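# Structural characterization, general
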Amino acid sequence: MKRFLIPVSFLNDPLFKELLSQAEEEFGYHHPMGGLTIPCKEDVFLDIISHL
């Protein structure tokens with residue numbers, strides 16, 4: 001797993017909102033380390049954020 005910092009502006013994008021919805025369904029939002037786990041492969045995530 002890798003950690004990414006993303007701009008807050010991504011939170012308004014429909015594609016990123018879908019990733020957050022999937023993350024909530026699969027992992028919930030309670031993470032003691034403060035991170036959020038997104039349920040997709042790293043290369044897919046990088047491809048998505050490159051379009052935002």
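In short, a report on the structure. Fair warning: this is a prediction, and the values are worked out from it, not measured in the lab.

Another aspect to go through is the packing of aromatic side chains. Applying the stated criterion across every chain, the model contains three aromatic pairs. Where F16 meets F45, the ring centres are 6.3 Å apart and the plane angle is 55 degrees; that geometry is what we call tilted. Note that F16 is positioned in helix α1 (residues 14-27) and F45 in helix α2 (residues 42-50), a separation of 29 residues in sequence. Assessed through its relative accessible area of 3%, F16 is described here as buried. Taken together, the ring pairs in this structure connect F4, F10, F16 and F45 into an aromatic cluster.

Below, the discussion takes up the pattern of salt bridges. This structure, assessed with the given rule, holds one salt bridge. One salt bridge connects E42 with K2, and the closest N-O pair in it is separated by 3.3 Å. Of the two residues, E42 sits in helix α2 while K2 sits in the segment before α1, which places them 40 residues apart along the sequence.

Residues E18, E24, E25 and E26 make up a contiguous surface patch of negative charge. Assignment of secondary structure puts E24 in helix α1.

Criteria and cut-off values
- Residues numbered from 1 in each chain as written.
- Predicted model: local features only at pLDDT ≥ 70, side-chain atom pairs only at ≥ 80, totals over all residues.
- Heavy atoms only, no water.
- Phe/Tyr/Trp six-rings, centres within 6.5 Å; stacked < 30°, edge-to-face > 60°.
- Helix = DSSP H or I, 4+ residues; strand = E, 2+ residues; numbered from the N terminus.
- Buried < 20%, exposed > 50% of the residue type's maximum accessible area, 1.4 Å probe, protein only.
- Salt bridge = Lys/Arg side-chain N within 4 Å of Asp/Glu carboxyl O.
- Patch = residues over 30% accessible without salt bridge, like charges linked within 9 Å, V, L, I, M, F, W, Y side chains within 5 Å.
- Areas by Shrake-Rupley, 256 points an atom, 1.4 Å probe, with all protein chains shown as cover.
- Lys, Arg positive; Asp, Glu negative; His and termini not counted.
- Charge placed at Lys NZ, Arg CZ, Asp CG, Glu CD.

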